[in-house]
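Chains, contacts and geometry: an overview
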Amino acid sequence: CNMFGEIGAEHIAEALKVNTGLEELHLSGNDISGFVGVKSLASALTLNHTLAKMHLANSRTGDTGADVLAEALAENRTLVELNLCSNKISVTGFTSLAEALRENITLVELPLYNNNLDYGANEDLINSIRVCLASNKLKKRNAFLNTLNGHQKSSWNRSRLMFVGNGGVGKTATVRSLLGLPFNTTWDSTVGATLTESETSAMKSRWSRVNAWPGDYSSRFAAHIMLQSSGSVSATYPRIMKDDTNSISNNNGQKDESDKKIIYNDPRKETRARSLNFKFRLTRRRKVAKMFNDIADVSHVENKTQEKEKKVGADNENEKASRKNKIIIRDFGEELLFHAKREAGALNLSLWDFGGQSVFYSMHHIFLTNGGVYLVVFDMREFLESENSHSHDTLHHLSFWLKSLNVHAPAAKLLLVGTFTDQVQNSKTIAFVNKSITTAIGSLASRVVFNANDKLPFFPIDNKSSNGVLELRYILERVIWADEAAHEGVSMKWILLLDDILAKGNGKYITLSEVKHMAQNLGIFSNAELDQALSLFRARGMIIHLTATDTLRNMIITSPQWLIDSLSKVIRDHVDLHQLDIEEFSHIGLGEDYERMLTHSIASRDILEYIWNNEHVDFFLDLMRHTMLLCEWVHEADECYLIPSLLQTSDSVTPFTDNSISRKQKENTEASCSCTCEFDYSNSFLPNGFFQSLLCLCVAHSAAHRNKEKERWSLQASVTSHSQQHEPELSRHYGKIELEPELMLHLQEDREHLHISLLIEDCERASRSLDIIQSMLRKLNCEVMGEGLNWETYVEDLSTGRFIRYERAKEDTLHPWFSSPTKNTSVQLNEFAMENQPTQSRKAVADLDTFLDHI
């Protein structure tokens, strides 16, 4: 109540004509009795497309004001509430409002208390207004439910941002800066990964945190489609993109004529034909009778709806047709439309902040996908002295991350972000960073977003002062909007399915068979369509669904953060940054188990059950086993598992000489004849953790053979044979494993030259040994690296001591690699391995058990 009067109303009206953000305006208690003031406000309502609620109670508008506001209501398509209480409006003004409501389709609330009207004598007039308002409300709900049950598509405007880089470079601080949160100097390093949901503002580059799952994506999505269909929101991308994007595809926001319709009786249509066209000079009895008919129509709409729902599917010939006709019912309120308007032109982002310690690299193939945008974060302070060791290490790490992302996400856009820029003011240092990073990017230049403002291949920011953060936010929005995948048309059915999955999964996981049943209830019967939907949900960061094996395919993780936290309780930097409380384990009698896990990477089931609170233990073990994060360790009396990512570097392993296993090491082998081959990844990439996964497969294969030997000899009441099998000797870059009885292998990784070397103690087993290891490398490349690795195989010519290419050796039938008595078995194994490699038309990957059994 400011008593700004008629002149003030004119100024507010002028502002409303151009305003695009205001949703609610309170002007009650102001003297707007003049015609010009009310007329100005009414005129503004015909031009404004965002205002939803206007309060003009006790503003002395009178009948004149009611008349001009009624004219505006006939044209306005956004106002849902108009408060005109205590404005001295008589039957004349009420009549104008009633006539206007015949044309208005959005207003649902029109308080008219304490005006100059005999409500008892004009009950028919009041009821006519009530009927129109109820009609608008029901028509909106009708449109909402039709949309909810239809096949319309619209852009989801959802993407994922992945923050990667070494530990301590400021990834978490960058995430917080983008979300507008204050800088925290005491923030601990990230364990595993941290997920944050964010919603951007359509008006300005401002991001805010939101709940991971609001409980109902479907209703919000349906409201978004409704607004697009009605033209209340633009079906084009925000002006932020200018010419960078095209308009949304034609099918977005359009109704499919084949959609099933849910028809509600519209009381206004009936009253137009029967009663709302009455003249107010009709007799009171006639008017009241018609009004009672209208009110009866309104009160019975819900009953008619329920009757229609009961009849749906009654005459269907089969269960499939019945499921197609199932009606989805959700609550509808104006707040859904308000939120959809506010959300129009905004982005929903899932921010993934990955821990930078090398121990987490083994989990990358589970969480890194091709969708979204990757931010590679580095600390610019490490370039202060161009010749120091930190500078070299930083470039090495940047190169690692770029190559890793090229394998796991070959189509995603990349942004390089340099932190602590306020401490790097030297132009010489900036020039050096520019040159170094340009070199490191190399062939990936087309995928890296260039900083056009600073003419740099990276974006310098300072999280403490927020310098550069706003610009980075703006660029990220541009990049996401330019990505067609972020705003491709998504079916309403898919969003309904996502809600069902997240609700049924209870924040953890759900089986594929359960999801298929949900999909069929929504009319999704095609496995191909279901796969597309699940792939989209994973790419947007909503679920984790791995498809490498049948076992993994049957598990759908509905809470990625739950899985990350659970795995990171085991796979973590136990030595330095993320130690667990050893006293706690000692207190419950698991101190020795914890020490063994730290020093030998062997975890007992007892300690895993304790770490996971004895919840879903078998599920985690099965998941980690099929993703090669652990394998059975059969060399203990108790049930134990090897966790290869926890293996430590050993100083006792003989180093490489001439890029191969040293002659000294060969001389120390027990067999009189040994041979060596090498797998050269120098022209491609050898990711951290890849070698440890290879050791995991070898140990799993060895354990499988040991278990078979146990079973065979147990039938003869003897354990002599299997007890003699050697226990593997393992470190981070070396393994000595008896792969099969009397088949001893040495594997070693050379990180500097990107080689994996294989020494076979008995050259008579060379052919089979090589085939087994190559099959394992192919499996890892397919299931862990997404076929992103290439390598050359070289075998040793025992007559000269030189290494020659595998293909040449095969042509020459070089002994012992291609003249083994087990040649037929080897050929069969190679055919099996090649058969189970993905092609453009087929991706059939052997399940781990099948794979191990076959080799």
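All figures in this text were calculated on a predicted structure; none of them were measured in a lab.

Here is what the cut-offs are and how they apply
Residues numbered from 1 in each chain as written. Predicted model: local features only at pLDDT ≥ 70, side-chain atom pairs only at ≥ 80, totals over all residues. Heavy atoms only, no water. pLDDT = per-residue confidence, 0-100. Contact = heavy atoms within 4.5 Å. Buried < 20%, exposed > 50% of the residue type's maximum accessible area, 1.4 Å probe, protein only. Helix = DSSP H or I, 4+ residues; strand = E, 2+ residues; numbered from the N terminus. Arc of directions from axis to C-beta. Core = buried A, V, L, I, M, F, W, Y, C linked by side-chain atoms within 4.5 Å. Disulfide = S-S within 2.5 Å. Axes fitted to C-alpha atoms, helices over the stretch in contact; angles between N-to-C directions. Parallel < 35°, antiparallel > 145°, perpendicular 65-115°, else oblique. Nonpolar A, V, L, I, M, F, W, Y, C, P; charged D, E, K, R; others polar. Pairing = 2+ DSSP bridges. Expected span 1.5 Å × (residues − 1). Polar contact = N/O pair within 3.5 Å; in protein donor to acceptor, adjacent residues only side chain to side chain.

Let's talk about the confidence of the model for the chain
In this model, the chain carries an average pLDDT of 80, and 79% of its residues clear a pLDDT of 70 or more. Overall, residues 820-844 carries pLDDT values under 50, and its contacts beyond four positions in sequence, including any with other chains, amount to 39 contacts.

Here's the deal with helix α1 (residues 5-18)
Among all positions in α1, only G5, G8, A9, A13 and L16 are buried. Viewed end-on, α1 has its buried residues packed into an arc of 140°, placing them on one side of the element. Turned more than 90 degrees away from the buried face of α1, the exposed residues are I7, H11 and V18. Residues of α1 that are buried make contact with β1 (24-26), α2 (35-47) and β2 (53-55).

What to know about the nonpolar core
Counting residues in hydrophobic clusters, the biggest one holds 118 residues, and the most contacted among them are F367, L563 and W817. With residues up to four places along the chain from it excluded, the contact list for F367 reads R160, W352, F354, R538, I544, L563, I564 and L567. F221, M226, L227 and M518 belong to the second largest nonpolar core, which has 40 residues in total.

Let's talk about the state of the cysteines
One pass over the structure, following the stated rule, counts one disulfide. Covalently, C673 is tied to C763 through a disulfide, its sulfur atoms 2.3 Å apart. Given an S-S torsion of about 110°, the disulfide between C673 and C763 has right-handed geometry. Here C763 lies in the loop between β23 (755-760) and α29 (766-783) and C673 lies in the loop between α26 (663-667) and β19 (675-680), a separation of 90 residues in the sequence. Unpaired in terms of disulfides, C675 finds its nearest cysteine sulfur in C763, a separation of 5.4 Å. Residue classification places C675 among the buried positions, given a relative accessible area of 0%.

A few points about the packing of helix α18 (residues 512-521) against helix α19 (residues 527-539)
Contact pair α18 / α19: the axes reach a minimum separation of 11 Å and the direction vectors enclose 110°. When the interaxial angle is binned, α18 and α19 end up roughly perpendicular. Of the residues in α19, those touching α18 at L512, V515, K516 and A519 are N527, L530 and L534. Class assignment for the residues of the contact of α18 with α19 results in five nonpolar, one polar and one charged.

Description of the sheet that holds strand β3 (residues 81-83)
The sheet built from three strands is open, its strands ordered β1-β2-β3 with parallel pairing. Two strands lie at the open edges of the sheet, namely β1 and β3, each paired on one side alone. Along the sheet, successive strands turn relative to each other by an average axial angle of 0°, direction set aside.

A closer look at α19
Taking 1.5 Å of rise per residue, 13 residues should cover 18 Å, and α19 covers 18 Å from first to last C-alpha, within 8% of that figure. Among the residues making up α19, those that are buried are L530, A533, L534, L536, F537, R538 and A539. Two to three positions downstream of the cap, the backbone nitrogen of A528 sits 3.2 Å from a side-chain oxygen, assigning the N-cap of α19 to S526. Taken from the residues just after α19, G541 is the one with a positive phi, measuring 85°.

A word on the sheet that holds β23
Strand order in the open sheet formed by seven strands is β20-β21-β22-β23-β19-β24-β25, with antiparallel pairing between adjacent strands. Strands with a single pairing partner mark the edges of an open sheet, and in this sheet they are β20 (729-731) and β25 (802-805). For this sheet the average axis-to-axis angle between neighbouring strands, irrespective of direction, equals 25°. Both strand β24 (residues 792-797) and β25 contribute to a ladder of four bridges, which runs antiparallel. Note on β25: the bridge partner recorded for D797 is R802. In the packing of α29 onto the sheet, contacts are made with β19, β21 (734-740), β22 (743-750), β23 and β24, and the angle to β19 comes to roughly 20°.

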